Amino acid sequence: MDGNGRWARSRMLPRYVGHREGVKTVRRIVEACRNKGIKVLTLFAFSSENWRRPSEEVGLLMDLFIRTLKKEIDTLHKNGIRIRFIGDHSAFPGDLRDLIVKAETRTKMNTELDLVIAANYGGHWDIVEACRRVAERIAAGECKPEDITTEMIAGEISLTDLPEPDLFIRTGGEQRISNFLLWQLAYTELYFTETLWPAFDEHALDDAIRSYASRQRRFGRTGEQVEQLKGA
Ligand code: IPE
Ligand code: MG
């Protein structure tokens, strides 16, 4: 979700207004995904590198995060959304950590849409955590280094219980992954748009989905093989 700051600055407004506007987009896009029958939506809300921003902006983002969660949780729950947070939350203020746990517990039986919020998340961090858990199993004598497999790491990484992402969307014109779900995105279709996050709407989402639908996903196979598999 990139481009909040630029959206605000181009209107001579403080960056914070862009973040507030960005929350409105989140609300719209969560609803649009639910209505379309999309089952999982992961939003990159705050990266492990975002702490490098001026402390005032970080503070405002935390406040906005807390207020939004408090305000939206009833509606999310009513709409059958299961919310989950990934990332290292140890650096977050205590009240935010409590809210996160409460929101996850309250909505965990919901089945309409899995909404994942990546907060203080980094793809490198995620892989390191997974490796650490595998190393712990080795240290405990449960397996040996030569037993490590892709499946083993995949089983320890965030979102292991969910399907791999089909489509990645980055708004705001930059063409980078910026340490998002590095492991999980191995075969994900990437889509980049100039549209700034506050201006991203249902139509922009439809454009992204249309682009996705026009692609052939080969997973290493040839185009002919994929066509044959489809026919089978
Ligand atoms: C993304 O918008 C929101 C967060 C990282 C929280 P930016 O704040 O990065 O907006 P730009 O890139 O400065 O326009
Ligand atoms: Mg940015």
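Above this text is the structure in question.
Just so you know, these numbers come straight off a predicted model, no measurement behind them.

Draft legend 1. Representation of the overall build of the protein. Looking only at helices and strands, the protein features 8 helices and 5 strands. Listing every helix and strand of the protein by position from the N terminus yields α-α-β-α-β-α-β-α-α-β-β-α-α. Whereas a compact globule of 232 residues would reach a radius of gyration of roughly 17 Å, the protein reaches 19 Å, a difference of no more than 12%. Overall size of the protein, expressed as C-alpha extent along the three principal axes, is 55 × 45 × 35 Å.

Draft legend 2. Local environment of the site of ligand 1. Around ligand 1 sit Met1, Asp2, Gly3, Asn4, Gly5, Arg6, Arg15, His19, Ala45, Asn50, Arg53 and Leu61, and those are all the residues in its vicinity. Separating an oxygen atom of ligand 1 from a side-chain N or O atom of Asp2 is a distance of 2.9 Å. Coverage of ligand 1 by the protein amounts to 87% of the 390 Å² it exposes when considered alone. Only α1 (4-9) and α2 (15-36) provide two or more residues apiece to the shell around ligand 1. In terms of residues, the shell around ligand 1 owes the most to one element, α1, which gives 3 residues. Across the shell around ligand 1, the residue classes break down as 3 nonpolar, 5 polar and 4 charged.

Draft legend 3. Spotlight on unusual backbone geometry. For Met12, which is not glycine, the phi torsion reads 60° and is therefore positive. Within the fold, Met12 resides in the loop between α1 and α2. Of note, the phi angle at Asn179 is positive, near 65°, even though the residue is not glycine. Tracing the backbone through its elements, the reader meets Asn179 in the loop between β4 (167-170) and β5 (189-192). By relative accessible area, which is 14% here, Asn179 ends up buried.

Draft legend 4. Spotlight on the side chain of Glu57. Locating Glu57 in the fold gives a position in helix α3 (residues 55-78). A polar contact is formed between the side chain of Glu57 and the side chain of Arg53, at a distance of 2.8 Å. For Glu57, the residues in contact, after removing those within four places along its chain, are Arg15 and His19.

Draft legend 5. Spatial organisation of helix α4 (residues 94-107). Taking 1.5 Å of rise per residue, the 14 residues of α4 would be expected to cover 20 Å, and the 20 Å separating its terminal C-alpha atoms lies within 8% of that figure. For α4, the set of buried residues is Leu96, Leu99, Ile100, Ala103 and Thr107. In a view along the axis of α4, the buried residues occupy a sector of 100°, so they form one face of it. Structurally, α4 contributes buried residues whose contacts are with α3 and β2 (81-86).

Rules used in this analysis
- Residues numbered from 1 in each chain as written.
- Chains lettered and ligands numbered in written order.
- Predicted model: local features only at pLDDT ≥ 70, side-chain atom pairs only at ≥ 80, totals over all residues.
- Heavy atoms only, no water.
- Helix = DSSP H or I, 4+ residues; strand = E, 2+ residues; numbered from the N terminus.
- Rg over C-alpha atoms; globule rule 2.2 N^0.38 Å.
- Near = heavy atom within 4 Å.
- Polar contact = N/O pair within 3.5 Å; in protein donor to acceptor, adjacent residues only side chain to side chain.
- Areas by Shrake-Rupley, 256 points an atom, 1.4 Å probe, with all protein chains shown as cover.
- Nonpolar A, V, L, I, M, F, W, Y, C, P; charged D, E, K, R; others polar.
- Buried < 20%, exposed > 50% of the residue type's maximum accessible area, 1.4 Å probe, protein only.
- Contact = heavy atoms within 4.5 Å.
- Expected span 1.5 Å × (residues − 1).
- Arc of directions from axis to C-beta.

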